[in-house]
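# A closer look at the structure
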Amino acid sequence: IMCASAKYNTRGPALIPRMKTKHRIYYITLFSIVLLGLIATGMFQFWPHSIESSSDWTVEKRKLPADSPIPERGDLSCRMHTCFDVYRCGFNPKNKIKVYIYSLKKYVDEYGTSVSNTISREYNELLTAISDSEFYTDDVNRACLFVPSIDVLNQNALRIKETAQALAQLSRWDRGTNHLLFNMLPGGPPDYNTALDVPRDRALLAGGGFSTWTYRQGYDVSIPVYSPLSGEVDLPERGPGPRRYFILSSQMALHPEYRSELEALQAENGESVLILDKCTNLSDGVPAVRKRCHKNQVFDYPQVLQESTFCVILRGARLGQAVLSDVLQAGCVPVIIADSYILPFSEVLDWKRASVVIPEEKMPEMYSILQSVPQRQIEEMQRQARWFWEAYFRSMKAIALATLQIINDRIYPYAAISYEEWNDPPAVKWSSVSNPLFLPLIPPQSQGFTAIVLTYDRVESLFRVITEVSKVPSLSKLLVVWNNQNKNPPE
């Protein structure tokens, strides 16, 4: 037995390594197969949520014949109750609209020439933000709102007629009903219209340069013109308080009339006013967009904006200006001098808390007007300006989600976000308690009460009621419910 054991033991060490090697190869092979399967499953599961600019071989081509139908021009009379089909939204226990994004296609004309370039980085970020949000659905039959994968952010990059034809080819277009288009740079030379020139019929427009003439109140959404510097430059928040300059202008290529007005203001008030312009003496390799100059002095942009209390925002060729985002990021109080401009998200944001709006004809009086603003109010506006940027301007994601939330609040008004939630920074929001037993017996006097006035067509008596109710000191809000759907309420 001992000999047999010895013989067995001498063979054992030679056999055991061989068996371990076989098992190792088996388990490595099995693990590799399982890992590849998991990766493939993950790609299949998450692929619809990643909107990327694809190569030509991965994108379906769609040819547009020259006689393809073209949508009607944007209907300026559209409102939510006339051009939007709320019944598509249905009942949703979460009070959230469902948004469908069309698959990416490459549209070409009858000669095979591309109608538009691949989607921009900004539009890619916007679509990705929507697809990752709680609003998104990949089921077209459940959708309440439809977003095309056709990039119309910059009208300069579009072929107007062909882009309109591509929109009309969308499977659920239906005259643009419940479709949402995002555009930041509307119009083109020489007119520079304040809304997208692409015919779009009933489609909603989230536009970056609306005027009171082109903005369909309660239907369109006024959005910011995104500043690429938001993602490139990190400006640490600066505490409120006095700064080196009182008024600063940093825009380039201003109209000569505006430039002369600003220079007159500077000559009258000295070094407290700083007027910057494009630099002409930069060395090679220095990015001009990140520099501004005054005479021979060079300033870093947008860092220089943090050195001023007020920053001027003037209309350029377009009403909407990306510099507004830079100014808010710097915590500088924007001074808006652009008659008829619809400020971004003005449907829900109270811009009186973060900016000063001055009519163009009063531009020579700007210095004295701003001097009359109390220092405490200036500091509050500086804080509010920075918070507006952080919450609604800092990224394409923030812009996209704020736009969808505004449309969502229109469709589910009973679950809409309140004025305080839109406008109060988190540190000063009212504490919300769901249990009514913990609510105060008497509401705080600062909140006041909301008066609701129901009316149909009696305009004179309506204004009498509004005039009398508005005299009550504790009035916080006055809501007029206009019940005549066949006649527009008075402006």
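My aim in this report is to walk through the structure given alongside it, one point at a time. Predicted model, so just to flag it, every value in this text is computed and none were measured.

This part takes up the environment of D234. Relative to the elements of secondary structure, D234 occurs in the loop between α5 (229-232) and β8 (245-249). Sequence-wise, D234 and Q303 are 69 residues apart; in three dimensions their C-alpha atoms are separated by 9.2 Å.

Moving on, we get to the state of the cysteines. In total, this model carries four disulfides according to the counting rule given. Covalently, C89 is tied to C144 through a disulfide, its sulfur atoms 1.9 Å apart. Note that C89 is positioned in the loop between α2 (80-83) and β2 (99-101) and C144 in the loop between α3 (121-131) and β4 (145-147), a separation of 55 residues in sequence. Summarising the burial analysis for this pair, C89 and C144 share the class buried. Residue pairing for C311: its cysteine sulfur links by disulfide to C332, the two sulfurs lying 2.2 Å apart. Across the disulfide from C311 to C332, rotation about the S-S bond amounts to roughly 105°, and the bridge is consequently right-handed. Taken together, the residues C311 in strand β12 (residues 308-314) and C332 in the loop between α7 (323-329) and β13 (333-337) connect sequence positions 21 residues apart. The exposure class of C332 is buried, given its relative accessible area of 0%. If the cysteines joined by disulfides in the protein are listed in sequence order, their pairing comes out as 1-2, 3-4, 5-6, 7-8.

Before going further, it helps to examine the sheet that holds β13. An order of β9-β8-β12-β13-β14 is seen for the five strands of this open sheet, with the pairing classed as parallel. Pairing within the sheet leaves two strands with one partner each, and these edge strands are β9 (273-275) and β14 (356-357). As paired elements, β12 and β13 share five bridges and run parallel to each other. Looking at the pairing, V312 lines up with V335 of β13. Here helix α9 (residues 375-393) sits on the sheet and contacts β12, β13 and β14; the angle it forms with β13, its principal contact strand, is near 90°.

In this section: the packing of aromatic side chains. All chains considered together, the criterion is met by 14 aromatic pairs. Summarising the aromatic geometry, the rings of W387 and F388 are spaced 6.2 Å apart at their centres and angled 45° between planes, so their arrangement reads as tilted. Of the two residues examined, W387 and F388, each falls in the buried class. Aromatic pair W387 and Y392: ring centres 5.7 Å apart, planes at 80°, arrangement edge-to-face. A connected cluster of aromatic rings, assembled from ring pairs, spans F345, W351, W387, F388, Y392, F393 and W422.

Turning to unusual backbone geometry, a few remarks are in order. With omega at 0°, the peptide bond leading from P189 into P190 counts as cis. Within the fold, P190 resides in the loop between β5 (180-183) and β6 (204-207). Going from Y301 to P302, the amide bond is cis rather than trans, its omega being 10°. Tracing the backbone shows P302 in the loop between β11 (297-300) and β12. The backbone of D201 sits at a positive phi, close to 55°, despite the residue not being glycine. Here D201 lies in the loop between β5 and β6. A residue is classified by how much of its surface remains accessible, and D201, at 5% relative accessible area, is buried. In this model, S340 sits at a positive phi of 75°, which is unusual for a non-glycine residue. Among the structural elements, S340 can be located in the loop between β13 and β14. Classification of S340 as partly exposed rests on a relative accessible area of 28%.

Here is what the cut-offs are and how they apply
- Residues numbered from 1 in each chain as written.
- Predicted model: local features only at pLDDT ≥ 70, side-chain atom pairs only at ≥ 80, totals over all residues.
- Heavy atoms only, no water.
- Helix = DSSP H or I, 4+ residues; strand = E, 2+ residues; numbered from the N terminus.
- Disulfide = S-S within 2.5 Å.
- Buried < 20%, exposed > 50% of the residue type's maximum accessible area, 1.4 Å probe, protein only.
- Pairing = 2+ DSSP bridges.
- Contact = heavy atoms within 4.5 Å.
- Axes fitted to C-alpha atoms, helices over the stretch in contact; angles between N-to-C directions.
- Phe/Tyr/Trp six-rings, centres within 6.5 Å; stacked < 30°, edge-to-face > 60°.

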